[in-house]
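What follows is the residue order along each chain.
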Amino acid sequence: MALRAAVLRHIRVPVRTLAATGPKPQLQWSLCNSIRLFSSHDDHLTKEEVIDRVLDVVKSFPKVDPSKVTPHVHFQNDLGLDSLDNVEIVMALEEEFKLEIPDKEADKIDSCNLAIEYIYNHPMAG
């Protein structure tokens, strides 16, 4: 689903309206004219931006002491959160970065470091 959204976001197809009368125009389709080249440099977040925003989300969680939050903090071991809190933090990260993290991947995110790496490497994070 995420791959489909990424591809659709970058595809540009020329559209021309046809008159009711007259000959049909010849459409010249060119790959270069239709697809914006994929680039990680156009609107991708920097690692520092991701770190700052992830830490802000975790610090704003009600059960977390903001002074304990670092890029390498573990949600359960260091912050004393339970698995339900972990799910809520991942959901808050999805909302902050406007992306959807599949359940299989979300279950693996149990620290700020893993959240930072996942979001930084996600092509749709914004």
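Use the structure listed above.
Please read these numbers as outputs of a predicted model, since none were measured by experiment.

What counts and what doesn't
- Residues numbered from 1 in each chain as written.
- Predicted model: local features only at pLDDT ≥ 70, side-chain atom pairs only at ≥ 80, totals over all residues.
- Heavy atoms only, no water.
- Helix = DSSP H or I, 4+ residues; strand = E, 2+ residues; numbered from the N terminus.
- Buried < 20%, exposed > 50% of the residue type's maximum accessible area, 1.4 Å probe, protein only.
- Contact = heavy atoms within 4.5 Å.
- Areas by Shrake-Rupley, 256 points an atom, 1.4 Å probe, with all protein chains shown as cover.
- Axes fitted to C-alpha atoms, helices over the stretch in contact; angles between N-to-C directions.
- Parallel < 35°, antiparallel > 145°, perpendicular 65-115°, else oblique.
- Left-handed = near helix turned anticlockwise from the far one by under 90°.
- Nonpolar A, V, L, I, M, F, W, Y, C, P; charged D, E, K, R; others polar.
- Polar contact = N/O pair within 3.5 Å; in protein donor to acceptor, adjacent residues only side chain to side chain.
- Salt bridge = Lys/Arg side-chain N within 4 Å of Asp/Glu carboxyl O.
- Expected span 1.5 Å × (residues − 1).
- Arc of directions from axis to C-beta.
- Core = buried A, V, L, I, M, F, W, Y, C linked by side-chain atoms within 4.5 Å.

Student: Residue-level account of the overall build of the protein chain, with values.
Tutor: If you tally the helices and strands in the protein chain, you get six helices and zero strands. Starting at the N terminus and ending at the C terminus, the protein chain contains elements arranged as α-α-α-α-α-α. Relative to its full complement of 126 residues, the protein chain shows a buried share of 29%. Put simply, of all contacts in the protein chain between residues at least 6 apart along the chain, 56% involve residues at least 24 apart. Summed over all atoms, the accessible surface of the protein chain reaches about 9,000 Å², with 56% contributed by carbon and sulfur.

Student: Give a description of the packing of helix α3 (residues 47–59) against helix α6 (residues 112–121) that names residues and reports values.
Tutor: Running from N to C, α3 and α6 point in directions that differ by 135°, and their axes come no closer than 9 Å. Between α3 and α6, the interaxial angle falls into the category oblique. At the point where α3 passes α6, the crossing takes the right-handed sense. Across from K47, V50, I51, V54, L55 and V58 in α3, the residues of α6 making contact are C112, A115, I116, E117, I119 and Y120. Partitioned by chemical class, the residues of the contact of α3 with α6 number ten nonpolar, no polar and two charged.

Student: Can you lay out the side chain of S111 for me, pointing to particular residues and giving the numbers?
Tutor: Turning to its location among the elements, S111 is positioned in the loop between α5 (103–106) and α6. Its relative accessible area of 8% is what places S111 among the buried residues. Reaching out from S111, the side chain makes a polar contact with the backbone nitrogen of L114 at a distance of 3.2 Å. Those residues in contact with S111 that lie beyond four places of it in its chain are V73, H74 and F75.

Student: Now, about the pattern of salt bridges: what can you tell me, with residues and values included?
Tutor: Under the definition given, this model contains four salt bridges. For K108, the salt bridge is made with E105, and the minimal N-O distance between the two is 3.7 Å. The exposure class of E105 is partly exposed, given its relative accessible area of 28%.

Student: I'd love a proper account of α3, names of residues and values included.
Tutor: Between the first and last C-alpha of α3 there are 18 Å, a value that for 13 residues agrees with the 18 Å anticipated at 1.5 Å per step. Of the positions making up α3, those classed as buried are V50, V54, L55, V57 and V58. Each buried residue of α3 sits inside an arc of 160° when the element is viewed along its axis, so together they form one side. Tucked inside the fold, the buried residues of α3 contact α4 (83–97) and α6.

Student: Tell me what's going on with the nonpolar core, and back it up with residues and numbers.
Tutor: When a protein is soluble and globular, its nonpolar side chains tend to lie buried together. Of all hydrophobic cores here, the largest spans 27 residues; its most connected members are V54, V58, F75, L93, F97 and I119. If you list the elements that add at least two residues to this core, you get α3, α4 and α6. Setting aside residues no more than four positions away along its own chain, L93 makes contact with V54, V57, A115 and I119.

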